[in-house]
Amino acid sequence: MTVLLLLIPAALAIGGLGLAAFFWALRNGQFEDPDGNAARILIEDDE
Amino acid sequence: MTALLKVAPALERTVLAVPSIHCAGCMSKIERGLGARLGIASARVNLSARSVTVEHDSSLDAHDLVHALAELGYEAQARRDELAPRLSAARPLLAPLAVAGFAAMNVMLLSVSVWSGAGGSTRDLFHWISAAIAVPAIGYAGQPFFRSAWKAVRHGSTNMDVPISLGVLIATGLSLYETVRHGEHAWFDGALMLLTFLLIGRVLDAMMRDRARAGVDALLSQAAQGAMVVGANGGLTWIEASKLMPGLIMRVAAGERLAADGEIVAGASRFDQSLLTGESAPIPLHTGDPALAGTLNLEAPVDVRVSHAGHDTTLAEIARLMEASTQSRSRYVRIADRAARLYAPAVHSLAALTVVGWLIAGASLYQALVTGVAVLIITCPCALGLAVPVAQVVASGALMRAGIMVKDGSALERLAGVDRALLDKTGTLTLGRPLPDPAALLALAPDEAAVAIALASHSRHPLSRALGAALAKWNLAAAPLKDVSESAGEGVFARWQGLEVSLSRPQGGGATMAAALRIQGRPVRLIPFSDRLRPDCTAALTQLDRLGVECSILSGDRPAAVGEIALQTGLTAQANARPAEKQALVARLRASGRKVLVVGDGLNDGPALAAADASMAPGSASDVGLQAADLVFVQDSLIALPRAVRAARRTMVVVRQNFALAIGYNLLAVPLAMAGLVTPLVAAVAMSASSLIVVANSLRLASAAK
């Protein structure tokens, strides 16, 4: 059972990391322009 | 402030609305074109909001940027502060959904081990970890529900959020109590799963609503944002629209929109009033004629004396009419909320009955309360919360693939009940653009057609563009021309192989639209233009009739033009209707108990579109038409109308089935809960199963638009 003491915090930490990344994306405008981001991939940056 | 900026040129940020951005090509063209200019540090396009954010130094102002964009080929307006984009409805729900989903999955993992037999101190530990995750998560992710429920309760009413909030809060409280007492059952997983499912439903619903933006914003941005004003000494100064005063004289160049109503004092030109009246043909106006704000000057510069500005213009009047009708429509109560009005009291009295019943039967207060709470949890309207949004999202996805965009979640509900349709003429029943007569084009010799296409390419006049587009399909090489000149209001003149050629206004100029192709030494070719009915018009009207929707025409155009279309379609018609009259007719029909669908495209249809039970606009409609309408169809064919009505009716059938399924689930589960037989495991299984059934039933709508 002692393995749980390691695994549960590890699982929570990894999940929490994902959650934190999502919050970071939300705060930094990654969801501001979904249509534009979809279209931007088609722009060639030949500069 | 300005003095300070001159000392140290700091960067300023300006947001411009550019409605015509639609693809990656436009984005890179604008970003590179602007970025290469002096004084502009960076430009970033937002395609979703159709806007450009420009960082520039203080030597430039919004007017310069609009000019820069015009040179790149895009019509733009500086966005006013009061028109700042509304906050998205889905955005604030994303973070609660992420938290609820994360917490639900982790707590579920711990619960599975409890269900599969973990006991003693391990179970206690897992319950404590669950509580540590669940309590803050519920406190955060449940806020949208708690707030809405509290608002309803404070006003003495109830909505779907009241049973949800009560169920979640009581389940959490009871679970905490159980955890402290080393009890067997904790309901953290159920409460979190409920929040997750419901938030998914809310996010889907909000994403649909986000697509629907208020029409009034677009309407106001259609007005030019200022004008060149002729000063006393003949000099020109740029004055913002809000500072224009009656009596000032504006000089309006060709291609500009008027910033205020006024009277022409010098010059003559043709004006595109389609935004205001729906009349597709440009109107010639001369000195002394009144000109309206929002109309587009097509040909020559004119001087206009301002008579009304800002809030007194015809354009602002239409905006006010629309705002008023939008408010009247928002009183529509959605089917989910109607269901909640019956559901919430029923559930709460059942739970109360259970507690009382168990007390009478001799159970302890604790046991009676636990059973009552189980009833509340099991009846939490998980499937009910998904019944409507999932069906609507699947149906609108199917419609979108068929070229019909649903902008508002409740639009399908309202469209399903429609039994009367009012159709605009120009741009709705017809294509709304002049097309050259195919017989006249076929009569042209190949070299004549080559000259025609070359001449047409030198003009931006609507007839030239239509002719060019029609001839482009023939794959002809344009004839080489020399000495090309365009004379505003007359036509295009040039030399071809030493001969004088021209594409111009025919002499006499009767009521019909036409262009004359003259080639020296040959007979004049007259090409008539006319607006045509949309394809499948008759079939669409027959199908609407079969669906029990009575149609008629409601147009702002001249009686003669409307009569012709009425004859071709066999519909009754009303002509010369002004925006307020259209809106009044819709109100009259609704007062007499009809459910009215308005199909229209122009700014003049805006108030009627906003006032109707449901509204549709073709993709070619003005911004205002597009924004005011609930549904937008992008293809030319009018068959989209009966198709949308059929899909809406099928959606409502499925929504009712979903309600029946959700209630059927409750009929099974509630007696079990009242008997005290429901454990957290049973609740979790029942909740997921009923949600899955509802989602699966809704997925049948994937073919709704066939």
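Shown above is the structure to which this text applies.
Residues numbered from 1 in each chain as written. Chains lettered and ligands numbered in written order. Predicted model: local features only at pLDDT ≥ 70, side-chain atom pairs only at ≥ 80, totals over all residues. Heavy atoms only, no water.

**Student:** Looking at this model, I keep getting lost on the environment of Leu517(B). Mind explaining?
**Tutor:** Residues and elements named next belong to chain B. Relative to the helices and strands, Leu517 is located in strand S20 (residues 513–519). A relative accessible area of 1% places Leu517 in the buried class. For Leu517, the residues in contact, after removing those within four places along its chain, are Leu444, Glu448, Val451, Ala452, Leu455, Ser502, Leu503, Pro523, Val524 and Arg525. (Helix = DSSP H or I, 4+ residues; strand = E, 2+ residues; numbered from the N terminus. Buried < 20%, exposed > 50% of the residue type's maximum accessible area, 1.4 Å probe, protein only. Contact = heavy atoms within 4.5 Å.)

**Student:** For this particular structure, what's the right way to read the sheet that holds strand S11 (residues 290–291) of chain B?
**Tutor:** Backbone hydrogen bonds are what pair the strands of a sheet, in a parallel or an antiparallel way. Residue and element names in this part refer to chain B. Taken together, the 6 strands give an open sheet; going across it, the order is S6-S5-S7-S13-S8-S11, and neighbouring strands pair in antiparallel fashion. Every interior strand has two partners, whereas the edge strands, strand S6 (236–240) and S11, have only one. The pairing of strand S8 (residues 261–266) with strand S13 (residues 302–308) spans 5 bridges and is antiparallel. Residue pairing in the sheet places Ala266 in a bridge with Asp303 of S13. (Pairing = 2+ DSSP bridges.)

**Student:** I tried to follow helix H13 (residues 365–378) of chain B on my own but got confused; where do I start?
**Tutor:** In an α-helix, one turn spans 3.6 residues; hence positions three or four apart end up facing the same way. In a regular helix each residue adds 1.5 Å, so 14 residues correspond to 20 Å; H13(B) covers 20 Å between its end C-alpha atoms and thus fits that length. Buried within H13(B) we find Ala368(B), Thr371(B), Gly372(B), Val373(B), Ala374(B), Val375(B), Leu376(B), Ile377(B) and Ile378(B). (Expected span 1.5 Å × (residues − 1).)

**Student:** How do you make sense of the interface of chain B and chain A when you look at a structure like this?
**Tutor:** Interface size is often expressed as the accessible area that is lost when the parts come together. Contact with chain B, which involves 23 residues of that partner, is made by 25 residues of chain A. Together, Arg32(B), Arg91(B) and Phe102(B) form the three largest contributors to the area buried by chain B at its contact with chain A, with a combined 27%. Inspection of the region where chain B meets chain A yields 1 salt bridge. For Arg40(A), the salt bridge goes to Glu31(B), with nearest N and O atoms at 2.9 Å. Linking chain B to chain A there are 2 residue pairs in polar contact (both at pLDDT 80 or more). For the side of chain B that touches chain A, the elements supplying multiple residues, two or more each, are helix H2 (24–35), strand S2 (40–46), helix H4 (91–115) and helix H5 (120–141) of chain B. Looking at the side of chain B that touches chain A, the element that brings in the most residues is H4(B), giving 8 residues. Split into classes, the residues belonging to the side of chain B that touches chain A amount to 14 nonpolar, 5 polar and 4 charged. (Buried area = accessible area lost by both parts, 1.4 Å probe. Salt bridge = Lys/Arg side-chain N within 4 Å of Asp/Glu carboxyl O. Polar contact = N/O pair within 3.5 Å; in protein donor to acceptor, adjacent residues only side chain to side chain. Nonpolar A, V, L, I, M, F, W, Y, C, P; charged D, E, K, R; others polar.)

**Student:** Please clarify how unusual backbone geometry should be interpreted in this entry.
**Tutor:** In most cases, non-glycine residues show a negative phi, while peptide bonds are predominantly trans. Residues and elements named next belong to chain B. In this structure, Gln497 takes a positive phi of about 50° despite not being glycine. By the element assignment, Gln497 lies in the loop between strand S18 (491–496) and strand S19 (499–504). Residues other than glycine seldom take positive phi values, yet Asp536 does so here, at roughly 65°. Tracing the chain through its elements places Asp536 in the loop between strand S21 (525–530) and helix H20 (537–546). Taking the relative accessible area as the measure of exposure, Asp536 reaches 41% and is therefore partly exposed.

**Student:** Sorry if this is basic, but what is going on with the sheet that holds strand S9 (residues 269–272) of chain B here?
**Tutor:** Residue and element names in this part refer to chain B. With antiparallel pairing, the 3 strands of this open sheet are ordered in space as S10-S9-S12. Across the chains shown, the open sheet's two edge strands, defined by having one partner strand only, are strand S10 (283–285) and strand S12 (296–297). Of the pairings in the sheet, the one linking S9 to S10 comprises 3 bridges and is antiparallel in character. Bridge assignment links Phe271 to a residue of S10, and that residue is Ile283.

**Student:** Can you help me understand the pairing of strand S25 (residues 614–618) of chain B in this one?
**Tutor:** Where a strand is regular, its side chains alternate between the two sheet faces. Residues and elements named next belong to chain B. In terms of burial, S25 is a largely internal element, 5 of the 5 residues being buried. Side-chain alternation along S25 places Ala614, Met616 and Pro618 on one buried face and Ser615 and Ala617 on a second face that is also buried. Pairing of strand S24 (residues 596–599) with S25, which is carried by 3 bridges, proceeds in the parallel orientation. Across the sheet, Leu597 pairs through a bridge with Ala614, a residue of S25. Pairing between S25 and strand S26 (residues 631–633): 3 bridges, direction parallel. The residue of S26 that forms the bridge with Met616 is Leu631.

**Student:** Would you mind going over the pairing of S2(B) with me for this structure?
**Tutor:** Residue and element names in this part refer to chain B. Across 6 bridges, the pairing between S2 and strand S3 (residues 51–57) is antiparallel. What sits directly across from Val45, in S3, is Val52. Connecting the antiparallel pair S2 and S3 is a turn made up of 4 residues, with Arg50 showing a positive phi of about 50°.

**Student:** I would appreciate a short explanation of the pattern of salt bridges in the present structure.
**Tutor:** Two side chains that carry opposite charge are able to pair once their charged atoms sit near each other. Residue and element names in this part refer to chain B. According to the stated counting rule, one finds 17 salt bridges over all chains in the structure shown. Between Arg594 and Glu550 there is a salt bridge; the shortest N-O distance is 3.2 Å. Taken together, the positions of Arg594 in the loop between helix H22 (579–591) and S24 and Glu550 in strand S22 (residues 550–554) put the pair 44 residues apart, joining distant regions of the chain. When its relative accessible area of 25% is taken as the criterion, Arg594 is described as partly exposed. Each member of the salt-bridge network shares a partner with another, and the members are Asp419, Arg420, Glu550 and Arg594.

**Student:** Could you clarify how one ought to interpret the nonpolar core in this entry?
**Tutor:** The tendency in soluble globular proteins is for nonpolar side chains to be buried side by side. Residues and elements named next belong to chain B. In terms of nonpolar packing, the biggest core is built from 121 residues, with Leu415 and Met616 touching the most fellow members. In terms of residue count, the dominant contributor to this core is helix H25 (residues 640–674) (14 residues). Ranked by size, the runner-up nonpolar core spans 28 residues in total, among them Ile453, Ala466, Ala479 and Ala515. (Core = buried A, V, L, I, M, F, W, Y, C linked by side-chain atoms within 4.5 Å.)

**Student:** Looking at this structure, I do not really get the packing of helix H1 (residues 2–27) of chain A against H4(B). What am I missing?
**Tutor:** Helix-helix packing is described using two parameters, namely the angle between the two axes and the distance between the axes. Put simply, H1(A) and H4(B) touch, their axes get as near as 11 Å, and they point 170° apart. By the angle between their axes, H1(A) is roughly antiparallel relative to H4(B). Residues Ile8(A), Leu12(A), Gly15(A), Gly16(A), Leu19(A), Phe22(A), Phe23(A) and Leu26(A) of H1(A) lie in contact with H4(B), whose contacting residues are Arg91(B), Leu94(B), Ala95(B), Ala98(B), Val99(B), Phe102(B), Asn106(B) and Leu110(B). Its residues assigned to classes, the contact of H1(A) with H4(B) shows 12 nonpolar, 3 polar and 1 charged. (Axes fitted to C-alpha atoms, helices over the stretch in contact; angles between N-to-C directions. Parallel < 35°, antiparallel > 145°, perpendicular 65-115°, else oblique.)

**Student:** What is the right way to look at the environment of Asp205(B) in this model?
**Tutor:** Residues and elements named next belong to chain B. Mapped onto the elements, Asp205 comes out in helix H8 (residues 188–211). Overall, Asp205 belongs to the buried group, its relative accessible area being 12%. Note: C-alpha distance between Asp205 and Pro389 (184 residues apart in sequence) is 5.5 Å. What Asp205 contacts, discounting residues up to four positions off in sequence, is Arg334, Pro389 and Gln392.

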